[in-house]
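Fold and contact review
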Amino acid sequence: MAATGDAEETQLQEMEEEAGMENEMDSDEEEGLGIENSDDEIDDSSEDEKETEAEIQRLEEQLSINAFDYNCHVDLIKLLRQEGELPRLRKARQKMSELFPLTEEIWLDWLKDEIHLTEEEPNREKVYELFETAVKDYICPEIWLEYAQYSIGGMGLPGGMEKVRSIFERALTAVGLHMTKGATVWEAYREFENAILATVQPPPGSVPTREQQELLNTQLERIHTLFRRQLSIPLMDMDGTYAEYEEWSDQGVSDTVSQKYKRALKQMEKSKPYEETLMIAEPPKLAEYQTYIDYEQKEGDPARIQIIFERALSENCLVPDMWAKYTKYLDRQLKIKDLVLSSHDRAVRNCSWTMGLWKNYLLALERHGADHHTISDVFEKALNAGFIQATDYVNIWEVYLDYLRRRVDFSKESSRELEELRAAFTRSLDYMKQDVEERFSESGDPSCTIMQVWAKIEALHCKNMQKARELWDSIMTKGNAKFANMWLEYYNLERSYGDALHCRKALHRAVQCTSDYPEHVCEVLLTFERVEGSLEDWDAAVQKTETRLNRVNEQRSKVTEKEAHVARQEEEKTEQRRRAKADKKNQKKGQKGSRPGDKRKAEDKNYEDEWGEESEQPPKRHRGESDQGFRGGGGGAGLIGTESGLFGRRAPPGRRQEPPGAKRGQQVAPATVWKTQEDDPELRKDDCSVFISNLAFTMDDPEKRLKKLFEPCGPVQSVRPVYAAKGFRGYCYVQFEGKASVLEALKMDRQEVEGRPMFVSPCVDKNKNPDFKVFKYNTNLEKHKIFISGLPFSCTKEQLEELCKDHGTIKDIRLVTNRSGKPKGLAYVEFGDEAQASQAVLKLDGTVLQEHTLSVAISNPPRRNTADKPGFSRPVGAMMPRSMVYGSRGKGRTQLSLLPRSLNRQTGSESKAENGTAPKPTGGASGDAGIEAQAKPLSNSDFAKMLFKK
């Protein structure tokens, strides 16, 4: 048995040795294969390295051409970091940091790489400098935590502990109010102090010395203070901090701390919905951040406003409007020099293409007393920033020239600052001509505002009218001689600082050259001669102005005739195309109707389409309606409601509202609709009624709704909505029991009802008062009123008054809106006299309001077409809305005439009947009866009889 056992043991050993030999052979084979694979890997890696190096060189060459390519910087840094090219990587990061603020991710990678390098060669000061640069770019809690953690590593150095506490305190100031991430900094600070507390506590059972006890008490007080400070600030999950403080403190939580904690908790609950909205919102979260900012600004805590602005900018660093709002807040509210200037610097580094940010930066530098060299350097950087339009360069030059002008002491005849100012003006003009015009193919300064300012400075401060006149001669040669406002600006300069001789010469040249407002210039010349000139001067001025105005009127007449001729030709072409299309459709319908049994059916269908579905019976146009189709702005008593066209506006096809008493789905006959629209005339009192228009077609139960709406004005006797075959027409009549209620009702004009401004107008019978119009379209030149276009749609009357009040006494402001109440970007401003209006035109034209350039001119409305004048005879089709003539889809619906056969009588090409009047007699022997029939208008009942005449 023992021998057997030894044999088995020997056999097992031999099997193990054989297995070991096989394993060695397998390993050798695997090693051989591994060597071959490693050779392939080396070849592949070398190819990859070559490709990567080629890509790195390409990116470096691209950055040498355009150093402001942000994405190119990011790609280069990423490749260099993958390759481990630390010297080149450091250089690439440094270049990018000089041009742009770096994101949190880029900074953290850079800082970790530098910290790793300093472990081998200690150079903590270099890393500290890098951290100081990093925390200035954006408010990032993670970077501050990394900074504090790194400083703890140097706590053993002289002054190390104080440096750590200093960094933590700065971190709390910067990000301690961050609602969601600020608590991490507070907790890290407390952990640091708790670690120090553990080192100063005496061993258990030992009695501390007096010095040890004082040190222990001091450290405990530091931790207590940190808890109290944190609990007085609204932060997320602050209830957990409060519970931790209760557990840690041996003395419990004082009432003072509890009260502060409750106030902070209440404030946190108010802010919590905004934080939750930010958490679930998709980037860039601009609307959510703006709502949060508005809330904090209402609360009024500057530190919290600053932190929410910084949070928004860290996620939207390329949004110029957000930077503009932030820097504006800092300029006007906080006014802390270092904070303001650093924010302006970050703004222009992020959005270098935005001129407004550079402009505000230059003003902030001057406001905070920066030296001349710094301001000049920033201005030069702005010129190289690459603005997107020519006017941006004009604006930035104006800001810099204004700054240089404020440095000059004009009490001295000559000074270095004055020479520098003149040299800058010269350089600006050369820059506009050589750089801006070549790049944008436009000067950006067509009105030569820079030269105008220079001329005023020479005339006002330097008493050098000769130089001012030379500048104005240059201005006029640049295409400005045709504008009246340019000549009047020059005249005002001569009037203030020149002499009468040059004033007269300027006005005579203005009369000769002006083409936009020659009447105004002529009037200024005559006024000047009344005050300054002799009889000979007066006669010469009268002769010159008369000659000029006669020539202008002739030119205008020719232009008007030419435009009218062109318009007639276009109308004829349009009419020919329409007739050809109508004939083609009629031929097709004739071919379809030629089949047996189809003709009568087609006629019936067409008749139903014309008068059952497409047409609406018109209400009386003489009650509260205007033929003009335009409504004056501002609201108030005395405005008449308008309806466009003969049959008024059609209800939208989306919803059909049937008149009261009609069954759902039942076709309402035209006579029934007409009866619903008109009540008993004997019960009406126009002097106790108002006309309501511009209401929504989809209004539910307008009678009940309007009665409730106007009951505060007085007892309502009746409400008469106007219906058509398809529903409510959008207007009605409201009759009160007394006349006093009408005045109260008129005050509700322009009140918004279901998202539309409701028009409230007097109820006037136009048959009895055909010429009654409250608002008349003025076609005359209104020299005391200016017309402003290009306004932002958000502009209000108050903003417009603030803009114009410095130029004279404002009597009225009217913002032009459409029927739905939306602004059109147009306005009329009425001044006390013509001189104030002219001055306003000169000063305001070209002004920028909310990034919109305004165009300002004397009010000179275009002449009305003859078709809009009272008494003008228009064909029925011309007085109908487009939807009535061509169908709801324009010309594509039908080309058949919509007149009944009883009215569609062929009386000759010259015999055309006006709407609502008898046709003119074609023969010459019509006599007085024919004239009476022509002049007598038909009533609505007569018109209805003709419609349904068999």
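Bear in mind the structure is a predicted one, so any value in this text is a computation, not a measurement. (Residues numbered from 1 in each chain as written. Predicted model: local features only at pLDDT ≥ 70, side-chain atom pairs only at ≥ 80, totals over all residues. Heavy atoms only, no water.)

Focus: the overall build of the chain
The test is simple: The helix and strand labels rest on DSSP assignments: H or I over at least four residues marks a helix, E over at least two residues marks a strand, and numbering proceeds from the N terminus. Relative accessible area decides the class of each residue, using a 1.4 Å probe on protein chains only: under 20% of the type maximum gives buried, over 50% gives exposed, and in between gives partly exposed. Whether two residues are in contact is decided by their heavy atoms: any pair within 4.5 Å suffices. Exposure was quantified through the Shrake-Rupley algorithm and a 1.4 Å probe, taking into account, for residues, occlusion by the shown protein chains and nothing else.
Along its length, the chain carries 35 helices and 11 strands. In the chain, which comprises 950 residues, the proportion classed as buried is 39%. For the chain, contacts bridging at least 24 residues in sequence account for 64% of all contacts bridging at least 6. Within the structure as shown, the chain displays about 54,300 Å² of accessible surface, and the carbon and sulfur contribution to it stands at 50%.

Looking at the pattern of salt bridges
Selection rule: In the sections that follow, a salt bridge refers to a side-chain nitrogen of Lys or Arg positioned within 4 Å of a carboxyl oxygen of Asp or Glu.
A full pass over the atoms with the stated rule returns 43 salt bridges. With a closest N to O distance of 2.8 Å, Arg-427 and Glu-380 form a salt bridge. Pair noted here: Arg-427 is in helix 19 (residues 416-440) and Glu-380 is in helix 17 (residues 372-383), with a separation of 47 residues, a long-range link. Among the residues examined, Arg-427 registers a relative accessible area of 36% and is labelled partly exposed. In the salt-bridge network here, residues are joined through shared partners; they are Arg-81, Arg-93, Asp-109 and Asp-113.

What about the packing of helix 18 (residues 390-407) against helix 19?
Worth spelling out the cut-off: Axes here mean lines fitted to C-alpha atoms, for a helix over just the part in contact, with angles spanning 0 to 180 degrees between N-to-C directions. Angle categories are assigned with fixed cut-offs, so that under 35 degrees is roughly parallel, over 145 is roughly antiparallel, 65 to 115 is roughly perpendicular, and the rest are oblique. All residues other than Ala, Val, Leu, Ile, Met, Phe, Trp, Tyr, Cys, Pro, Asp, Glu, Lys and Arg, Gly among them, are scored as polar; the first ten of these are nonpolar and the last four charged.
Two elements in contact, helix 18 and helix 19, have axes whose closest approach is 10 Å; the angle formed by their N-to-C orientations is 175 degrees. Considered as vectors, helix 18 and helix 19 are oriented roughly antiparallel to each other. Note on element contacts: helix 19 touches helix 18 through Glu-417, Glu-420, Leu-421, Ala-424, Phe-425, Arg-427, Ser-428, Tyr-431, Met-432, Val-436, Arg-439 and Phe-440, opposite Ala-390, Tyr-393, Val-394, Trp-397, Leu-401, Leu-404, Arg-405 and Arg-407. For the contact of helix 18 with helix 19, a count of residues per class yields 13 nonpolar, one polar and six charged.

Comments concerning the pairing of strand 3 (residues 727-736)
Heads up, the rule is: In this scheme, strands are said to pair when DSSP sees at least two bridges between them.
Of all 10 residues making up strand 3, 10 are buried, and the element is well covered by its neighbours. Judged from the four bridges that link them, strand 1 (residues 689-693) and strand 3 form a sheet pairing that is antiparallel. Bridge pairing links Val-690 to Val-734 in strand 3. Of the pairings in the sheet, the one linking strand 2 (residues 716-724) to strand 3 comprises seven bridges and is antiparallel in character. In the sheet register, Val-719 faces strand 3, and the bridge partner there is Val-734. Hairpin connection between strand 2 and strand 3: a loop of two residues separates the two successive antiparallel strands.

Quick look at the sheet that holds strand 1
Spatially, 2-3-1-5-4 is the arrangement adopted by the five strands of the open sheet, whose pairing is antiparallel. The open sheet is flanked by strand 2 and strand 4 (751-753), the only strands paired with a single partner. Taken over all neighbouring pairs, the strand axes of this sheet differ in orientation by 30 degrees on average, direction set aside. Its contacts with the sheet put helix 28 (residues 702-710) on strand 1, strand 2, strand 3, strand 4 and strand 5 (756-762), and the angle it makes with strand 2 is roughly 145 degrees.

Digging into the packing of aromatic side chains
Inclusion rule: For Phe, Tyr and Trp, where Trp contributes only its six-membered ring, two rings pair if their centres lie within 6.5 Å, and the inter-plane angle classes them as stacked under 30 degrees, edge-to-face over 60, or tilted in between.
In the structure shown here, the tally under the stated rule is 33 aromatic pairs. With centroids separated by 4.7 Å and ring planes inclined at 20 degrees, the aromatic side chains of Phe-227 and Tyr-245 adopt a geometry described as stacked. On the criterion of sequence distance, the pair formed by Phe-227 in helix 9 (residues 210-231) and Tyr-245 in helix 10 (residues 238-248) is long-range, its members being 18 residues apart. A relative accessible area of 2% places Tyr-245 in the buried class.

A short note on the sheet that holds strand 6 (residues 782-789)
The sheet built from four strands is open, its strands ordered 7-8-6-11 with antiparallel pairing. Of all the strands in the sheet, just strand 7 (810-817) and strand 11 (855-859) have a single pairing partner and so form its edges. Shown here is a sheet whose adjacent strand axes are inclined to one another by a mean of 20 degrees, direction ignored. When strand 6 meets strand 8 (residues 823-831), the two strands line up antiparallel, connected through five bridges. Directly across from Ile-788, in strand 8, lies its bridge partner Ala-827. In this fold helix 30 (residues 797-804) packs onto strand 6, strand 7 and strand 8, with an angle of close to 135 degrees to the strand it touches most, strand 7. On the sheet, helix 31 (residues 834-844) packs against strand 6, strand 8 and strand 11 and is oriented at approximately 25 degrees with respect to strand 6.

Topic: a nonpolar patch on the surface
Heads up, the rule is: What goes into a patch is any residue over 30% in relative accessible area without a salt bridge, connected to like charges within 9 Å or, for nonpolar side chains (Val, Leu, Ile, Met, Phe, Trp, Tyr), within 5 Å.
On the surface, a cluster of nonpolar side chains totalling about 320 Å² of accessible area is made up of Leu-318, Trp-353 and Ile-388. Among the structural elements, Ile-388 can be located in the loop between helix 17 and helix 18.

Topic: the confidence of the model for the chain
Counted only if it meets this: Along the chain, pLDDT gives the predictor's confidence residue by residue, from 0 to 100.
Per-residue pLDDT for the chain averages 79, and the proportion of residues at 70 or more is 74%. The low-confidence segment residues 596-678, where pLDDT is below 50, has 213 contacts with residues more than four positions distant or belonging to other chains. Low confidence marks residues 901-935, where pLDDT is under 50. Its contacts with residues over four positions away, or in another chain, come to 26 contacts.

A few points about a negative patch on the surface
Formally: Here Asp and Glu are counted as negative and Lys and Arg as positive; His is not counted, and neither are the chain ends. By convention, the point assigned to a charge is CZ for Arg, NZ for Lys, CD for Glu and CG for Asp.
Taken together, Glu-47, Asp-48, Glu-49, Glu-51 and Glu-83 make up a surface patch of like negative charges. If one sorts the elements of the negative patch by residue count, helix 1 (residues 2-65) sits on top with four residues. Inspection of the secondary structure puts Glu-83 in helix 2 (residues 70-83).

Points about the nonpolar core
Proteins that are soluble and globular tend to have nonpolar side chains buried together. Applicable threshold: Buried Ala, Val, Leu, Ile, Met, Phe, Trp, Tyr and Cys residues that are joined via side-chain atoms within 4.5 Å together make up what is termed a nonpolar core.
Residues Ile-143, Ile-396 and Trp-397 are the most contacted members of the largest nonpolar core, which totals 156 residues. Among the elements that take part in this core, helix 18 stands out by supplying 10 residues, more than any other. For Trp-397, the contacting residues outside a window of four places in its chain are Phe-379, Leu-383, Ala-424, Arg-427, Ser-428, Tyr-431, Met-432 and Ile-450. Counting 21 residues, the second largest nonpolar core, distinct from the first, contains Leu-706, Leu-746, Val-753 and Met-758.

Some remarks on helix 11 (residues 255-280)
Put simply, the rule is: Each helix should span, by expectation, one fewer than its residue count multiplied by 1.5 Å. What the bend at a residue measures is the angle between two axes, fitted to the seven residues ending there and to the seven starting there.
Along its 26 residues, helix 11 runs 37 Å from first to last C-alpha, staying within 8% of the 38 Å computed at 1.5 Å per residue. The largest bend along helix 11 reaches roughly 40 degrees and is located at Ser-271, with the proline Pro-273 sitting one to four residues downstream. Listed in full, the buried residues belonging to helix 11 are Val-257, Ser-258, Tyr-261, Ala-264, Met-268, Ser-271, Glu-275 and Leu-278. Each element contacted by the buried residues of helix 11 is listed here: helix 9, helix 10, helix 12 (286-299) and helix 13 (302-315).

Thoughts on the environment of Glu-437
Mapping Glu-437 onto the fold places it in helix 19. Glu-437 sits in the partly exposed class, given a relative accessible area of 35%. Note: C-alpha distance between Glu-437 and Ala-390 (47 residues apart in sequence) is 7.8 Å. Not counting chain neighbours up to four residues away, the residues in contact with Glu-437 comprise Met-432, Glu-442 and Ser-443.

Some words on the pairing of strand 6
In this structure, strand 6 lies alongside strand 11, joined through five bridges in antiparallel fashion. Looking across to strand 11, one finds that Ile-786 is bridged to Ile-858.

Focus: unusual backbone geometry
With an omega dihedral of 10 degrees, the bond running from Pro-283 to Pro-284 counts as a cis peptide bond. When you line up the elements, Pro-284 lands in the loop between helix 11 and helix 12. Look at Arg-750: it is not a glycine, yet its phi comes out positive at around 75 degrees. Relative to the elements of secondary structure, Arg-750 occurs in the loop between helix 29 (740-746) and strand 4. In this structure Arg-750 comes out as partly exposed when scored by relative accessible area, which is 22%.

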